[in-house]
Structures are given as structure tokens and as C-alpha cells.
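Here are the chains, one letter per residue:
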Amino acid sequence: MDKKAELHPVLVNLSRLLQQVERVVVLTGAGISHESGIPTFRGPGGLWRNFRPEDLATPQAFARDPHLVWEWYDWRRGLISRAEPHAGHRALVRLEEMVPEFTLITQNVDGLHARAGSRRVLEVHGSIWEVRCTACGLVREDRRVPLPLLPRCQACGGLLRPNVVWFGESLDSGVLEAVHLALKQAQVMLVVGTSAVVQPAASFALWARQSGAKLAEINPDPTPLTSVCDFVLPGKAGEVLPLLVEALAEEA
Ligand code: OAD
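Note that the structure is predicted; figures quoted are calculated from it, not measured.

So, on to the nonpolar core. In terms of nonpolar packing, the biggest core is built from 30 residues, with Leu14, Val26, Leu95, Leu190, Leu233 and Leu241 touching the most fellow members. Every element with two or more residues in this core is listed here: helix H1 (3–20), strand E1 (23–28), helix H6 (87–98), strand E2 (101–106), strand E7 (188–192), strand E8 (214–218), strand E9 (231–233) and helix H10 (237–251). The biggest single contributor to this core is H10, with 8 residues. Excluding anything up to four places from it in sequence, Val26 contacts Leu92, Leu95, Phe102, Thr103, Leu104, Ile105, Leu190 and Val192.

Printed below as a string of C-alpha cells:
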């Protein structure tokens, strides 16, 4: 059976609901970038030189060995610079056009949603294309690939770090406030391509559910959220999201 036929009843029910609501939130994780050629953090191919992300994406790891951490980010920047958004990213652009109030929350730092054309994107873990000076705090865009390792601040000569959120660090308070508001008001939330194990993003769907949102999950594998979802669409983002948008267009 093909994917469309397999998911038909869920696609119809979810698209009917989407047709009726005003406020939709989508949360994405590394899984949506997988089909663009960017490895996920957990699962096959997710490890870089046998390091877990929890061993590299921390202030302690950077203080201990900034060269190693920058090598990892430089490798990922190289992969991302060659990657293109796919049909799943583009389906979310169409969904934004079809829904009155739409917020896309992403844990991804690759910028692929914006490149695809999504407009209201909250990047809760920051951007891999920004650097921040560890001495003077200056943040600026830096798209050089490869980077000189170790990169230095143009203003003060201090050591630069990626302007991303690491384990043990807080999310930007302004971004978090916007996330809270969107989750509180959401009527439907789609959770796409996240293992839902890294906090606080792993709890976002539960917060939305507490405020009354219906949850839908798109992921080839089950996650800790699967059992609380109202709609489960097992499959790849690049395959399932276009089918969902097609079903929604048929409902309109
Ligand atoms: P993970 O690598 O933990 O999980 C990726 C998820 O995507 C898994 O549940 C896969 O089953 C799913 N997946 C794989 N291929 C897919 C596809 N084609 N379509 C849809 N889903 C697919 O990634 P995240 O949950 O995003 O944070 O990880 C959360 C955070 O952990 C990241 O933002 C990063 C990392 O450490 C920091 O660096 C702070």
C-alpha cells in the first residue's frame, strides 16, 4: 500500500480539523532536515567521531576544548551549506499560507525553514550561521565555510562561539515568551521529526495539549509523545507533509 492510501483516514480527519481552526503551531526537529542530507543527532549516522551531542554542545566542552567543538560545528556548517530544503519544508510554507495564524517552532539551527520560505519561524536553539563573542558578547552573522579555527571577534579579538543554545543554557527569553503564547493559543499542533527527549522543547506539545490543542505527530519512529497524540502519521516529513497539505487543499 502506498503512503497516501495507508494514511488516508488520518489525513482526511486531520485536514478536516485543520480546515476548521484558526491557530496552528508546528514543532520541528532534526528529522525534517534528514531528507536534506543533514544527519539527526540520535539514531543511525547521528554521531560525529563517536561523540554524543551532550558531550559537545555544552559550555563545559567548549571551555575544555574549543577547537574540537568548533570542528564539529564547522563540519555541520559545511553539510548545511550544501543542503537544500525539500518537499516537507515547502509543504510547511504552503500550510502557513492556508492557516490564519501559524507559528513554526524549530529546534533546528540550520535555517532551512526560512530558506524554504517560511515566515513566522521561532528558532528556539538559535542559528548555526550566527557567532557570538565570548568576550564582548557581539552577535553577528558569519556564513564562511570553512571557518578559520579558532574564529576571533572582529571587534575585540575575543574567541567566538556558535550563537546556539547548548545543554545547560537557557533559551532566549523573548523567543520563549513567543513560544509560550503560541502554544497556549494553539488549536492544533503538528510535531515533526523530533525525538522529543531534549527539554524544554520536549514538553512544548504537552503544554499545548494542556491548553486544549489536538496533537499530531509525523515521524517514522514512535517517540515519548506518540501515545498522547490524537493523530499519528508514521512516515518521513518529506512524504507525509505534502500529503497533508494536499488533503487540506482538497477540503478547502
Ligand atoms: P533527534 O536526532 O533527537 O531526533 C530526530 C527524530 O527525527 C527522531 O525521532 C527520528 O525518528 C526522526 N526522523 C528521522 N528521519 C525523519 C524524517 N525523514 N522525517 C521525520 N522524522 C524523521 O533530533 P531532535 O529531536 O531535533 O540540541 O534533537 C533535539 C536537540 O538535541 C537538537 O535541537 C540539538 C540536539 O542536541 C542542541 O544542540 C541544544
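On we go from here.
Two cysteines joined by a covalent bond between their sulfur atoms form a disulfide. For the structure on display, the rule yields 0 disulfides. Free of any disulfide, Cys156 has its nearest cysteine sulfur in Cys133, 3.5 Å distant. Note on Cys156: relative accessible area 41%, which makes it partly exposed.

What follows is about the site of the ligand. The environment of the ligand is formed by 22 residues, the closest being Phe41, Arg42, Thr194, Ser195 and Asn219. A distance of 2.8 Å separates an oxygen atom of the ligand from a polar backbone atom of Ala30. Residue Gln107 places a main-chain N or O atom 3.3 Å away from an oxygen atom belonging to the ligand. Protein contacts shield 93% of the accessible area of the ligand, which totals 800 Å² for the unbound molecule. Looking at which element gives the most residues to the shell around the ligand, the answer is helix H2 (residues 30–34), with 3 residues. Broken down by class, the residue content of the shell around the ligand amounts to 8 nonpolar, 10 polar and 4 charged. Per-domain counts for the shell around the ligand show at least three residues from each of domain 1 (1–38 + 85–125 + 171–252) and domain 2 (39–82 + 126–164).

As a further point, take the packing of aromatic side chains. Evaluated as defined, the whole model comprises 7 aromatic pairs. Look at Trp48 and Trp75: their rings are 6.4 Å apart centre to centre, the planes differ by 35°, and that puts the pair in the tilted class. With a gap of 27 residues between them, Trp48 in the loop between H2 and helix H3 (53–56) and Trp75 in helix H5 (residues 66–81) connect regions that are remote in the sequence. In this structure Trp75 comes out as partly exposed when scored by relative accessible area, which is 35%. Ring centres 6.3 Å apart and planes at 45° place the aromatic pair Tyr73 and Trp166 in the tilted group.

Rules used throughout
- Residues numbered from 1 in each chain as written.
- Predicted model: local features only at pLDDT ≥ 70, side-chain atom pairs only at ≥ 80, totals over all residues.
- Heavy atoms only, no water.
- Core = buried A, V, L, I, M, F, W, Y, C linked by side-chain atoms within 4.5 Å.
- Buried < 20%, exposed > 50% of the residue type's maximum accessible area, 1.4 Å probe, protein only.
- Helix = DSSP H or I, 4+ residues; strand = E, 2+ residues; numbered from the N terminus.
- Contact = heavy atoms within 4.5 Å.
- Disulfide = S-S within 2.5 Å.
- Near = heavy atom within 4 Å.
- Polar contact = N/O pair within 3.5 Å; in protein donor to acceptor, adjacent residues only side chain to side chain.
- Areas by Shrake-Rupley, 256 points an atom, 1.4 Å probe, with all protein chains shown as cover.
- Nonpolar A, V, L, I, M, F, W, Y, C, P; charged D, E, K, R; others polar.
- Domains from an automatic or database assignment.
- Phe/Tyr/Trp six-rings, centres within 6.5 Å; stacked < 30°, edge-to-face > 60°.

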